[in-house]
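# Descriptive analysis of the structure
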Amino acid sequence: MNLNILIGGKAGQGINKISEIVSSILVSQGYFTFNYRDYQSLIRGGHNFNVLCVSDKRIGSIKSKLDIIVALDDKTISLHKNSLKKEGFIINFKGFESLGKNLNIALAGALIRYLGINKKILVDNVQKQFDNKESDAAAEKGYNSQDSKFNLKKLNNKISIMTGNRGISQGAINSKIDLYLAYPMTPATGVIHELASNQIKNNLMVFQPENEIAVVNQALGASFAGARVMIGTSGGGYDLMTEGLSLQGQSEIPLVVYLCSRPGPGTGVPTYTSQADLDIALRGGHGEFPRVVIAPGDPIECIEKTNEAFYFSEKFKVLSIILSDKHLAESKFSFDGKPNKTISVKINRKIPGKEVVKASSYECDKFGNTTESMKITEENVNKRVEKYNLIKKESKKFEMIKIYGKKDSKNLIIGWGSTKTAILDAIEGEDFKFLQVLYMKPLSNQIRKEIKKAKKVILVEQNVTGQLGRLIREKTGIRIKDRILKYGGRPFTCDELKKELKKIK
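The following paragraphs examine the structure supplied in this document.

### Notes on the sheet that holds strand β10 (residues 255-261)
A sheet is described by the order of its strands in space; here seven strands give the open sequence β8-β7-β9-β10-β12-β11-β17, paired in mixed fashion. A single partner strand is all that each edge strand has here, and the edge strands are β8 (205-207) and β17 (439-441). Pairs of neighbouring strands in the sheet enclose a mean axial angle of 20°, with direction left out of account. By the bridge criterion, seven bridges tie β10 to strand β12 (residues 319-325) in an arrangement that is parallel. Note that in β12 the partner of Cys260 across the bridge is Ser324.

Structure (structure tokens):
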């Protein structure tokens, strides 16, 4: 069973609340859900929509055709009716206009009835969230307005819902983060909200400086003083931080950066998704210094890989970058698994106040005094290169890549980040093997071996130049000719991706 439900209307009408109510009820009944958010850079008006996918099996993407449209306005119907299947159904806002702010509650109730779920489950959910008679009445009115088309029986699955941003936050908490600094920038902003909402409970501090330059420099100061620190931003903010990131490379003050991509250059389309910032994650900053770049593909990996980023940052006193995008950060994924055991992040370095500690943006001698000596400069550069070699060796302890699909298939798909779950949905039951790259720097030597075993290799990315493909070519000498690239700001749907894969195969 697989249903694609679009919920659309104007910004400010409570579209997300419908998805939240319905998905929480479905998950409580043992169904997997995936919720994609498509919204304009507007506070009110315009046209926003969510696509809520429901399945009795794991799901992590949307399809191009719709089973149900829930319309909070006429524009939703006119824009999306051509995507509705022949047997599809529209739940219309008309008849509920008098409910005002509770219109969305009524439509949630109508959808729950259409799916054939018991009214008491709906009422209990609404009462728990709102605890007022108007919302209860709206839910009942919506529920009573429909007949049941489906009969979704309760399944014996224990499922959780999480966004990528929440996964990043939990990974930071598991790593015992002391301070999170960020200037708000979609789509990384969700981590500020997540961490700030329980900062006292989790014994950490969240602070918003005046801009991204202040963010990175304050972070380095706090880390120098002994704090476990993470900062977060998107492309334009990351650009402003790069001088500070180079300061990290010279001073060797541990720092974790959450880079959550959106389309650029410039402001681009700020509320949509892209994987075009891999290059700047790998190379942003002047000079040559070691760093780790890790790209999780789902919320559980966000928890695990954030923890690993903290581990590398402290152990090797390097820059650790967690690379994500809007689609992974803000979509709501459901899962029935658990993350790996948390790695202890120990601070084994000199801390000011206990002894004299020096850090500088200049090359320094062994006493921490600045120098322009050619000999010492070369020695320091060699030490930084050797540190990267140690990181490459240490990274082999972790999952740098993952293999999915038909293990003996000669058709190899290579992808990373948020494309993971769409690829998994697209290849189900098909003759494909999927290699997910998790560590971008260092890059796993296993990638070359897997490519050599394949007859057909297909690169899947959400950028126009195939940045992972270019990285693989740089490190292995292998050029991946067959590429499926999407760069209009919207994520892959699993059915369109399957179609493209079969064309190449």
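### Considerations on helix α9 (residues 235-251)
With 17 residues, α9 extends 24 Å from end C-alpha to end C-alpha; this agrees with the ideal 24 Å at 1.5 Å per step. The largest bend along α9 reaches roughly 50° and is located at Met241. For α9, every residue scored as buried is listed here: Gly235, Gly237, Tyr238, Met241, Gly244, Leu245, Ser246, Gln248, Gly249 and Ser251. Positive phi shows up at Glu252, right after α9, with a value of about 60°.

### With respect to the packing of aromatic side chains
Applying the stated criterion to the full structure yields ten aromatic pairs. An angle of 70° between the planes, with centres 6.5 Å apart, marks the rings of Tyr36 and Phe49 as edge-to-face. Highlighted residues: Tyr36 in strand β2 (residues 32-38) and Phe49 in strand β3 (residues 45-55), separated in sequence by 13 residues. Classification of Phe49 by relative accessible area gives buried; the value is 13%. Three or more aromatic residues joined by ring pairs make a cluster, and in this case those are Tyr311, Phe312, Phe316, Phe398 and Tyr439. Looking at Lys441, its charged tip hangs above the ring of Tyr388, at a distance of 5.6 Å from the centre. Directly above the aromatic system of Tyr272 lies the positively charged group of Arg490, at a separation of 3.7 Å from the ring centroid.

### With respect to the pairing of strand β9 (residues 229-233)
Counting buried positions along β9 gives five out of five residues, so the element sits mostly inside the fold. With burial as the criterion, each face of β9 is covered, one bearing Val229, Ile231 and Thr233 and the other bearing Met230 and Gly232. Inspection of the sheet shows strand β7 (residues 179-182) paired to β9 by four bridges, in the parallel sense. Its bridge partner being in β9, Leu181 is matched across the sheet by Ile231. Here β9 runs beside β10; their pairing, made up of four bridges, is parallel. Counted as the bridge partner of Thr233 is Leu259 from β10. The β-α-β motif built from β9, the intervening α9 and the parallel element β10 has right-handed crossover chirality.

### Looking at the environment of Asn82
With respect to the helices and strands, Asn82 occurs in the loop between α2 (74-80) and β5 (84-92). Classification of Asn82 as exposed rests on a relative accessible area of 66%. It is 41 Å that separates the C-alpha atoms of Asn82 and Ser197, two residues lying 115 residues apart in sequence.

### Section: the sheet that holds strand β6 (residues 160-163)
Whenever strands of a sheet pair, they do so through backbone hydrogen bonds, lying parallel or antiparallel. Taken in spatial order, the seven strands of this open sheet run β5-β4-β1-β3-β2-β13-β6, and their pairing is mixed. Only two strands of the sheet have a single partner each, and these edge strands are β5 and β6. Strand-to-strand twist of the sheet, defined as the mean angle between neighbouring strand axes without regard to direction, takes the value 20°. As defined by bridge partners, strand β1 (residues 2-11) adjoins β3 across nine bridges and the pair is classed as antiparallel. From the neighbouring strand, Gly8 faces β3, where its bridge partner is Phe49.

### As for the pattern of salt bridges
If charged atoms from side chains of opposite charge come close, those side chains can pair. If you walk through the whole model with that rule in mind, you get 34 salt bridges. A salt bridge links Arg283 to Asp279, with the shortest nitrogen-to-oxygen separation between them at 3.8 Å. On the criterion of helical spacing, the pair formed by Arg283 and Asp279 is a turn pair, its members being four residues apart in helix α10 (residues 278-283). Glu301 is the salt-bridge partner of Lys420, the closest N and O atoms lying 2.7 Å from each other. Placement of Lys420 in helix α14 (residues 419-427) and of Glu301 in helix α11 (residues 299-316) is noted, with a sequence separation of 119 residues between them. Residues joined by salt bridges that share partners form a network here, namely Asp279, Arg283, Arg470, Glu474 and Lys475.

The rules behind the values
- Residues numbered from 1 in each chain as written.
- Predicted model: local features only at pLDDT ≥ 70, side-chain atom pairs only at ≥ 80, totals over all residues.
- Heavy atoms only, no water.
- Pairing = 2+ DSSP bridges.
- Helix = DSSP H or I, 4+ residues; strand = E, 2+ residues; numbered from the N terminus.
- Axes fitted to C-alpha atoms, helices over the stretch in contact; angles between N-to-C directions.
- Expected span 1.5 Å × (residues − 1).
- Bend = angle between axes of the 7 residues up to and from the residue.
- Buried < 20%, exposed > 50% of the residue type's maximum accessible area, 1.4 Å probe, protein only.
- Phe/Tyr/Trp six-rings, centres within 6.5 Å; stacked < 30°, edge-to-face > 60°.
- Lys NZ or Arg CZ within 6 Å of the ring centre and 35° of its normal.
- Right-handed = clockwise from strand over helix to strand, strands pointing away.
- Salt bridge = Lys/Arg side-chain N within 4 Å of Asp/Glu carboxyl O.

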